[in-house]
Amino acid sequence: MSEDVRLVAWVRGRVQGVGFRWFTRAKALEIGGLSGFALNLGDGRVQVVAEGAREGCEGLLEWLESDDTPGRVDGVTEIWDTPRGGYDGFAIR
C-alpha cells in the first residue's frame, strides 16, 4: 500500500500567462487521487501543492520537470511533507 504525502513545488521559468496552472490541474486529474492547487506567485513562479499517493505526486513532479509543460521550466524546487488535508479536488488559485 502506498503512503500518502504532500508535495510542495515552486516552478521557475516562463510559467505564467501560458496556461501552466490549467495544465497542471489537468495532469493532476489525469494521474488521479491527487488534491491540492496551483497558484501564480508575485515573483513569476508557480506554486504547486499536491497531496495523495507518493507515486502520483512523484509522477506530477516528473511532469513539472519535463519538457512537456506549457511555457518554459527553468527549474523546480520541491519539499516533501505529511499531508494536511482540507483540499476539495485540485484547484487553480
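Everything numeric in this text was worked out from a predicted model, so none of it was measured.

1. Topic: the environment of Gly71
Next up, step 1: Structurally, the position occupied by Gly71 is in the loop between α2 (54-64) and β4 (72-81).
Next up, step 2: In this structure Gly71 comes out as partly exposed when scored by relative accessible area, which is 36%.
Next up, step 3: In this structure, the C-alpha to C-alpha distance between Gly71 and Arg14, residues 57 residues apart in sequence, is 5.3 Å.
Next up, step 4: Sequence-distant contacts of Gly71, that is, excluding residues within four places in its chain, are made with Arg14 and Val18.

2. Structural notes on the UniProt feature "domain: Acylphosphatase-like" (unreviewed entry) in the chain
Next up, step 1: Per the UniProt record, "domain: Acylphosphatase-like" (unreviewed entry) is annotated on residues 6-93.
Next up, step 2: The span residues 6-93 is 26% helix and 41% strand, and its two end C-alpha atoms sit 18 Å from each other.

3. Side note on the UniProt feature "active site" (unreviewed entry) in the chain
Next up, step 1: Following the UniProt record, the feature "active site" (unreviewed entry) maps to Arg21 and Asn40 here. A maximum C-alpha distance of 7.8 Å places the annotated residues, which cover 20 residues in sequence, within one compact spot.
Next up, step 2: In this structure, Arg21 sits in helix α1 (residues 20-31).
Next up, step 3: Positionally, Asn40 belongs in strand β2 (residues 35-40).
Next up, step 4: In this view, Asn40 contacts Val15, Gln16, Arg21, Arg45, Val46 and Arg93; residues no more than four positions away in its chain are not counted.

Rules of the game
Residues numbered from 1 in each chain as written. Predicted model: local features only at pLDDT ≥ 70, side-chain atom pairs only at ≥ 80, totals over all residues. Heavy atoms only, no water. Helix = DSSP H or I, 4+ residues; strand = E, 2+ residues; numbered from the N terminus. Buried < 20%, exposed > 50% of the residue type's maximum accessible area, 1.4 Å probe, protein only. Contact = heavy atoms within 4.5 Å. UniProt positions renumbered as here; feature names shortened; annotations may be inferred.

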